[in-house]
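# A closer look at the structure
Residues per chain are reported as follows:
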Amino acid sequence: MKTSEKIVQMLKTQGPLTAKVLAEELRLTTMGVRQHLQGLEDSGDVIFEDKKAARGRPTRFWSLTKQSNNHFTDRHPELTVQLIDSVKTIFGEQGLEQLIEHRELASLELYLSAMDSKTDLIEKLEVLKKLRTDEGYMASIEQEEDILWLLENHCPICAAASQCLNFCRSELQLFQRLFEGCATVSREEHIIEGARRCAYKIVPI
């Protein structure tokens, strides 16, 4: 295991530590540990807090950020699939469909509320792009003459969508309902079908 990974593991299991303590446990020089901490800080995995000491200068304690969770096993996809299977078993396909519909309506209400003050299609799309990016979709917008594209470069619900394609159908319906009356929406590229991204074509009416 790399030294930086060992530092991340120690901070995870022991909480905030000083460079001196890390160096002692890893049998390295304090300077060497500080170099690794600097690299982890640059990558956004650790932050520090200077705490006042009884005497002398403040003591610097290092701790993990939320981003550091990328270093640890994530079983969310597996849990998602298990939950979908459980819903099917207990409530049947109809129960799962009701769950998907509830999610779609909740998202529709949220998005419409955020777009409420916007009248221009592009302004509405900008709001949607931000909301979707905040949800983990890494969204962006492109324009080709009169055609607009909402591009989603990541799918945070990929495990659920792979298990149940109705999630994807619901996503498309959600966008179509959002822009009903001012634009038509179609999905031209689809991650689940092997594309690099999901691409939604938005044509003003």
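A brief look at the structure comes next. (Residues numbered from 1 in each chain as written. Predicted model: local features only at pLDDT ≥ 70, side-chain atom pairs only at ≥ 80, totals over all residues. Heavy atoms only, no water.)

Right, let's get into the sheet that holds strand β5 (residues 183-189). On the basis of which strands lie adjacent, the open sheet formed by four strands has the order β3-β4-β6-β5 and antiparallel pairing. Pairing within the sheet leaves two strands with one partner each, and these edge strands are β3 (139-144) and β5. Between one strand and the next, the sheet's axes are offset by a mean angle of 25°, whatever the strand orientation. In this structure, β5 lies alongside strand β6 (residues 198-204), joined through six bridges in antiparallel fashion. Bridge assignment links E189 to a residue of β6, and that residue is A199. Against the sheet, helix α5 (residues 121-134) makes contact with β3, β4 (147-152), β5 and β6, and its axis sits at roughly 150° relative to β3, the strand it touches most. Lying on the sheet, helix α7 (residues 166-178) is in contact with β4, β5 and β6; it crosses β5 at an angle near 150°. (Pairing = 2+ DSSP bridges. Helix = DSSP H or I, 4+ residues; strand = E, 2+ residues; numbered from the N terminus. Axes fitted to C-alpha atoms, helices over the stretch in contact; angles between N-to-C directions. Contact = heavy atoms within 4.5 Å.)

The next subject is the pattern of salt bridges. The final tally for this structure, using the stated rule, is ten salt bridges. With its nearest N and O atoms 2.6 Å apart, the salt bridge here joins E97 to R169. Here the residue E97 occupies a position in helix α4 (residues 76-115), and R169 occupies one in helix α7, the gap between them amounting to 72 residues. Classification of E97 as partly exposed rests on a relative accessible area of 26%. What makes R169 partly exposed here is its relative accessible area of 30%. (Salt bridge = Lys/Arg side-chain N within 4 Å of Asp/Glu carboxyl O. Buried < 20%, exposed > 50% of the residue type's maximum accessible area, 1.4 Å probe, protein only.)

Here R27, not a glycine, exhibits a phi torsion of approximately 60°, which is positive. Counting through the fold element by element, R27 comes out in the loop between α2 (19-26) and α3 (30-42). Taking the relative accessible area as the measure of exposure, R27 reaches 78% and is therefore exposed. Even without a glycine there, the phi angle at E145 is positive, about 55°.

This part takes up the packing of α4 against α5. Closest axis-to-axis distance for the α4/α5 pair is 9 Å, and the angle between their directions is 130°. Between α4 and α5, the angle is such that the two are oblique. Taken as a pair, α4 and α5 cross one another with a handedness that is right-handed. Touching Y111, A114 and M115 of α4 are K124, V127, L128, L131 and R132, all from α5. Class assignment of the residues belonging to the contact of α4 with α5 gives a composition of six nonpolar, no polar and two charged. (Parallel < 35°, antiparallel > 145°, perpendicular 65-115°, else oblique. Left-handed = near helix turned anticlockwise from the far one by under 90°. Nonpolar A, V, L, I, M, F, W, Y, C, P; charged D, E, K, R; others polar.)

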